[in-house]
Amino acid sequence: MTKAEIALALYEKVGGFSKKETADLVELVFDLMKNTLGSGENIKVSRFGNFDLRDKRQRPGRNPQTGQPINITARRVLTFKPSQILREALNPDRAAKAEAMGSSSNVDEKSTP
Amino acid sequence: MTKSELINKLATEKNLTKSRAELVVNCIFDTMTEALMREEGIEIRGFGSFTVRHYPSYPGRNPRTGEVVPVPPKRLPFFKVGKELKVTVEDSRKNGKPIVEGRSEGDGDGVDSPAPTT
């Protein structure tokens, strides 16, 4: 799936926008997210997941091909942590099982319509 | 930044009502979720890509009792940062910007508070 396909879905599901407008909206949403992360700010998208920045210190590493020791320089990385809802959406059987077994696990039941 | 802050920014920039902007943002993430549910990858150029990874069952442990419990196989979304965003993120570190946990004070004026000099 590409931005163009997301824009098309938006055009079909939310009325009142032209195709050009939905394409612009999708573009802008990802640009806003990029700019936010580029200013060092994390993003939380409820129901979907969090985009978290992490600063990594310099650490020793190895070239996996040659085994030669090298320094891995300090850097900032971006990680995506999927929400519980997204994780359950991808594992419907597991979510159903956890629900049937009661609330013993950390899987809080969220209704998926 | 939270989803509602994203919605507000979108509403401001595109002159939309908040409820309309909310529909748009929710629809985008719902569409992406549906794609992942179909095991369809998502590729947003300049931002990154999402794929679904399969993890086999493995013996796990109940951390409280130490009891061995089988962990069933699962599918998890995996995000790979795009090249452009990767560089942007690293540049923010090089420019001395600290990582902040949301609460957009500088509200998109593009001007940040002075970077710490240490």
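Bear in mind that the values here come from a model prediction, so they are computed numbers and not experimental data. (Residues numbered from 1 in each chain as written. Chains lettered and ligands numbered in written order. Predicted model: local features only at pLDDT ≥ 70, side-chain atom pairs only at ≥ 80, totals over all residues. Heavy atoms only, no water.)

Looking at the domain arrangement of chain A
Residue and element names in this part refer to chain A. Definition in use: The split of the chain into domains comes from an automatic or database domain assignment. Here, two residues are considered to be in contact whenever any of their heavy atoms come within 4.5 Å of each other. Two parts lose some accessible area (1.4 Å probe) when they are put together, and adding that loss for both gives the buried area. Counted as salt bridges are all cases of a side-chain nitrogen of Lys or Arg within 4 Å of a carboxyl oxygen of Asp or Glu. We define a polar contact as two N or O atoms separated by no more than 3.5 Å, with the added condition that, inside protein, one atom must be a possible hydrogen donor and the other a possible acceptor, whereas residues neighbouring each other in sequence contribute only through side-chain atom pairs. Under the scheme used here, helices are H or I runs from DSSP no shorter than 4 residues and strands are E runs no shorter than 2 residues, and both carry numbers assigned from the N terminus.
According to the domain assignment, chain A contains domain 1 (1-40), domain 2 (42-82) and domain 3 (83-113). In this assembly, six residues from domain 2 lie in contact with five residues from domain 3. Both sides of the domain 2 and domain 3 interface together cover about 460 Å² of buried area, and 62% of this is carbon and sulfur. Ranking the residues of domain 2 by area buried against domain 3 places Arg47, Phe48 and Pro82 at the top, with a combined share of 94%. Taken together, domain 2 and domain 3 are joined by zero salt bridges. Seen at the junction of domain 2 and domain 3, the total is two residue pairs in polar contact (both at pLDDT 80 or more). No other element matches strand S5 (residues 75-82), which puts three residues into the side of domain 2 that touches domain 3.

Observations regarding the side chain of Thr36(A)
Operational definition: A 1.4 Å probe rolled over the protein chains alone gives each residue an accessible area, and that area as a share of the maximum for its type sets the label: buried under 20%, exposed over 50%, partly exposed in between.
Following the sequence through the fold, Thr36(A) ends up in helix H2 (residues 19-38). The exposure class assigned to Thr36(A) is buried, which follows from its relative accessible area of 5%. Ignoring any residue separated from it by four or fewer positions in sequence, one finds Thr36(A) in contact with Glu41(A), Asn42(A), Ile43(A) and Met1(B).

Things to note about the environment of Leu23(B)
For Leu23(B), the location among the structural elements is in helix H2 (residues 18-37). Distance from Leu23(B) to Gly60(B), taken between C-alpha atoms, is 40 Å for residues 37 residues apart in sequence.

Some words on the sheet that holds S5(A)
One key point about sheets: their strands pair by backbone hydrogen bonds, in either a parallel or an antiparallel sense. Convention followed: Pairing between two strands is assigned when DSSP locates at least 2 bridges connecting them. Axis lines are fitted to C-alpha atoms, over the contacting stretch for helices. Their N-to-C directions set the angle, which ranges from 0 to 180 degrees.
Within the open sheet, the three strands sit side by side as S1-S2-S5 (chain A). Their pairing is antiparallel. Unpaired on one side and paired on the other, strand S1 (43-45) and S5 of chain A mark the two borders of the sheet. Taken over all neighbouring pairs, the strand axes of this sheet differ in orientation by 25° on average, direction set aside. Summarising the sheet, strand S2 (residues 49-56) of chain A and S5(A) pair through eight bridges and their orientation is antiparallel. When the bridges of S5(A) are listed, Asn50(A) appears paired with Lys81(A). On the sheet, helix H3 (residues 83-94) of chain B packs against S2 and S5 of chain A and is oriented at approximately 125° with respect to S5(A).

Re H3(B)
Basically, it comes down to this: To estimate how far a helix should reach, multiply one less than its number of residues by 1.5 Å. Think of it as the arc spanned by the lines of direction from the helix axis to the C-beta atoms.
The first and last C-alpha atoms of H3(B) sit 17 Å apart over 12 residues, in line with the 16 Å expected at 1.5 Å per residue. Buried within H3(B) we find Leu85(B), Val89(B), Glu90(B) and Ser92(B). For H3(B), the buried positions fall inside an angular range of 150° around the axis, keeping them on one side. Exposed and oriented more than 90 degrees from the buried face of H3(B) are Lys83(B) and Lys94(B). Tucked inside the fold, the buried residues of H3(B) contact H2, S2 and S5 of chain A together with strand S5 (74-81) of chain B.

Brief notes about H2(B)
Residue and element names in this part refer to chain B. If you check H2, its first and last C-alpha atoms are 28 Å apart, about what 20 residues at 1.5 Å a residue would give, namely 28 Å. Those residues of H2 not exposed but buried are Ala21, Val24, Val25, Cys27, Ile28, Phe29, Thr31, Met32, Thr33, Ala35 and Leu36. Just past H2, the residue Glu39 takes up positive phi, approximately 65°.

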